[in-house]
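So you can see what is in the structure, the chains are spelled out below.
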Amino acid sequence: MQPSTRTSLLLLLTLAGCAAMYWAGLHGPFLFDDFPNLAALDSIDHLGSWRDLGIYLSQPRSLPGRPLAMLSFLLQKPSWPADPFAFKLVNLCIHLANGVLVFFLAKRLAGVSLTDAGDRHSAAWPALLAAAAWMVCPIQLSAILLVVQRMTLLMALFTLLGLLAYLHALLDDKASVRRRTVFMALGLGACTLLAFLSKENGILLPLYALALDATLLRERVRRLPPALTWLRRALIYPAVIFVFGYLLVGIPGFAHAESFRDFTLYQRVITEPRILADYLAKIFVPRFGVYGLYNDDFAKSNNLFDPLTTPFFIALLLLAVGLAFHWRKRRPLFALAVFWYLGGQVLESSVVMLELYFEHRNYLPVMGPLIAIAIALATLRPGGWRKLAYMGVAIWFGASMIATSLSSQVWASEERLAFTWGNTYPDSARAQTMLASQLYERGQLGAATRVIDRALDRHPADAGLAENRFFLQCVTGSLATGNLEQLTHRFSTADWNRAAFENMETLRLLAQQHRCPPFGPDQWKNLADTLLANPAYGRGIAAGMIHYQISQFAVYSGDLGLAIEELDKAYAADPDADIPRLQAKYLASAGLYDQALAVLDHTDYRRLPPLRRLLVDDRTINREQAEAIRKAKADAGHRTDSPADQGKTTAH
């Protein structure tokens, strides 16, 4: 059998094995961020309508809105929201395709590295090793089995295609300059754009290319013709400068976002080195039971010496970067591993005020270290060290395959996830909430209450957990006036917590249905006002959602004036194009046609998110609604002026 045939068969076996490991997890549920992101599928009924498509693609608030990933979800719209399998199957297929691309990327890099080192080893074997390790690494679970991470998968797909095209332009000395120019422009230009339109991290493609150029490809870059040299600079350096400029210039704005997190910018910066070390421990020391979504229990660094490990990991990070720069010529594989991994984390694990910890952030960054290790293993000479290294790799593969397979079995069931994560992460408010929810659905209200109580003991300031306990007290009939007072006090001092304002709708419906004496609509309104008075919830998306819920309370109470006033405040805090139309609907239904038309005529479209203004003509939609209101007004006038109506009025 030819070596190439043998390599192809082994790659196919690796792909099949990877698919088998993940197959059970494809039958799992939608989770976490899947719901708010995929809910946009409810907004589009006619795929052939440009307006509907624009409304669908404008659901994300910020530019560019990840349109390629959003479009990919439309292919599985018939399965939403009943069946996640089709969504997850597509995710797995993209992951396998990415695995093939990793193989070809690693093969090109191994070929360069081994040739420059005068080594005659085949580049296919380290490439196969790197691709297999990357595909089966258990930290990839959430990137594949959390449906919404299709965004990460597609971003990686275009990044890998771009790097392969760039390598073709860089390494193919026999091709014409024109041909190499086309490939370089496609790789660093078009593919960067496509990756960016899948997820913002796609802008890092030129940074990955720079990491390769500074290490393994230094000599090849020097051999480029002048025209390609300038094109390479024009495609790489502006993007890299933009990324780091964005991070530096944005620091004041990121610091301003502290009110929406339970950590400061300073705490985030000194915590992330510990988190990066924890990621690497999960990658290179596979374990079962610790791969998932809920890492909100990771202890943040409050200052430089709390916890005491903080300065150690900061120093370790700085040392790694320093050594990588110092050794980038003598030990390019080490430098590549450091530059690639840290470069891939620069947006999500630095100063941008995202949540502290998510495993899927390693999907592309881990590739660099794995490729570097695979190539380094190929250069080892026969002897004890090579045997020891191969033994370590075999043990790692075995542990990774077991961890991935077992974890995938857990991901196959929401119930298994709830109990596994609930027991694995006792300090995670999200994991405990998920466990309590499962117990509630099974009718085990006492057990659910105990879970929430234990979680509240660990997180006494968590308003979301307090709402969950309040809800359970309602449904078990154990709510007392003192419990309502406790929740009101907690709302007045609580830190920002998304669950706190998202749960207000559930509590409102509970109060309006009079299912929970002594908690009624007026008591709910007092809770909402208390939460709004808390500075952490007094603006932005939190205030917008709370004001909207108060408007629905006003509609229930028959208070049209309050409903319109609260919708005004909701639009001011978190502009949504549907709010003015909802106001006009309420006013028109009350016969206040002129006021309804005034609302539509005076809508401030400038407050709408940029993506919405770009993709949707809300002025036309409002004009259409205004025409319908004018018609309704005219019809109402005709009915009033008719003899029959006059007779009824007289009789009355």
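Calculation notes
Residues numbered from 1 in each chain as written. Predicted model: local features only at pLDDT ≥ 70, side-chain atom pairs only at ≥ 80, totals over all residues. Heavy atoms only, no water. Disulfide = S-S within 2.5 Å. Helix = DSSP H or I, 4+ residues; strand = E, 2+ residues; numbered from the N terminus. Buried < 20%, exposed > 50% of the residue type's maximum accessible area, 1.4 Å probe, protein only. Contact = heavy atoms within 4.5 Å. 1 Å grid on protein atoms, 1.4 Å probe; cavity = no way out; pocket = protein on both sides within 12 Å on 5 of 7 lines; lining within 4 Å. Points joined across faces, edges and corners; volume = space filled by probe spheres on them. Nonpolar A, V, L, I, M, F, W, Y, C, P; charged D, E, K, R; others polar. Salt bridge = Lys/Arg side-chain N within 4 Å of Asp/Glu carboxyl O. Expected span 1.5 Å × (residues − 1). Phe/Tyr/Trp six-rings, centres within 6.5 Å; stacked < 30°, edge-to-face > 60°. pLDDT = per-residue confidence, 0-100. Patch = residues over 30% accessible without salt bridge, like charges linked within 9 Å, V, L, I, M, F, W, Y side chains within 5 Å. Areas by Shrake-Rupley, 256 points an atom, 1.4 Å probe, with all protein chains shown as cover.

### Thoughts on the state of the cysteines
Applying the stated rule across the entire model yields 1 disulfide. One disulfide in the model links cysteine 474 with cysteine 516; its S-S distance is 1.9 Å. Handedness of the cysteine 474-cysteine 516 disulfide follows from its S-S torsion of about -75 degrees: it is left-handed. One end of the pair, cysteine 474, is in helix α22 (residues 463-475); the other, cysteine 516, is in the loop between α25 (504-512) and α26 (521-533), with 42 residues separating them in the sequence. By the burial criterion, cysteine 474 is buried, and cysteine 516 matches it. Note on cysteine 18: no disulfide assigned, nearest cysteine sulfur contributed by cysteine 93 at a separation of 11 Å. A residue is classified by how much of its surface remains accessible, and cysteine 18, at 0% relative accessible area, is buried. Considering cysteine sulfurs only, cysteine 18 is the nearest to cysteine 137, which forms no disulfide, with 11 Å between them.

### Here we look at the environment of leucine 204
When you line up the elements, leucine 204 lands in the loop between α9 (177-198) and α10 (205-213). Put simply, leucine 204 and proline 273 are 69 residues apart on the chain and 20 Å apart in space, counted from C-alpha to C-alpha. Contacts of leucine 204, omitting those with residues within four sequence positions, involve Val243, Gly343, Gly344, Val346 and Leu347.

### Considerations on the layout of surface pockets
There is about 820 Å³ of room inside the second largest pocket. Around the second largest pocket, the lining comprises 29 residues; the ones closest to its centre are Phe244, Val321, Leu342, Gly343 and Val346. Within the residue set of the lining of the second largest pocket, elements represented by two or more residues are α10, α12 (226-249), α14 (265-284), α15 (309-327) and α16 (332-344). Split into classes, the residues belonging to the lining of the second largest pocket amount to 23 nonpolar, 4 polar and 2 charged.

### Notes on the pattern of salt bridges
Across all of its chains, the model carries 24 salt bridges by this definition. The partner of aspartate 618 in a salt bridge is arginine 612, and the shortest N-O contact between them spans 2.8 Å. Through salt bridges that share partners, Asp578, Arg581, Arg612 and Asp618 make up one connected network.

### So, helix α29 (residues 578-589)
Relative to the 16 Å expected for 12 residues at 1.5 Å per residue, α29 spans 16 Å between its end C-alpha atoms, a close match to the ideal helical length. Taken across its 12 residues, α29 has 9 buried, putting it largely inside the fold. Of the residues making up α29, those classed as buried are Ile579, Pro580, Arg581, Leu582, Gln583, Ala584, Tyr586, Leu587 and Ala588. Directly after α29, the chain includes glycine 591, whose backbone phi takes a positive value near 85 degrees.

### Things to note about the packing of aromatic side chains
Going through the model one piece at a time under the given rule, you end up with 24 aromatic pairs. Ring geometry for phenylalanine 73 against phenylalanine 87: centres 6.4 Å apart, planes inclined by 45 degrees, an arrangement best described as tilted. With phenylalanine 73 in helix α4 (residues 67-74) and phenylalanine 87 in helix α5 (residues 85-116), this residue pair connects regions lying 14 residues apart in the sequence. Take phenylalanine 73 and phenylalanine 87: they sit in the same class, and that class is buried.

### A look at the confidence of the model for the protein chain
When pLDDT is averaged along the protein chain, the result is 91; 96% of the residues meet or exceed 70. Predicted confidence for residues 644-652 stays below pLDDT 50, and this span has 4 contacts to residues more than four positions away or in other chains.

### A closer look at the side chain of arginine 612
Inspection of the secondary structure puts arginine 612 in helix α31 (residues 610-615). With residues up to four places along the chain from it excluded, the contact list for arginine 612 reads Ile55, Ser58, Ala577, Arg581 and Asp618.

### Examining a nonpolar patch on the surface
On the surface, Tyr266, Leu304, Phe305 and Leu308 cluster together into a nonpolar patch covering about 450 Å² of accessible area. Mapped onto the elements of the fold, phenylalanine 305 is located in the loop between α14 and α15. Look at phenylalanine 305 and you get exposed, because its relative accessible area is 53%.

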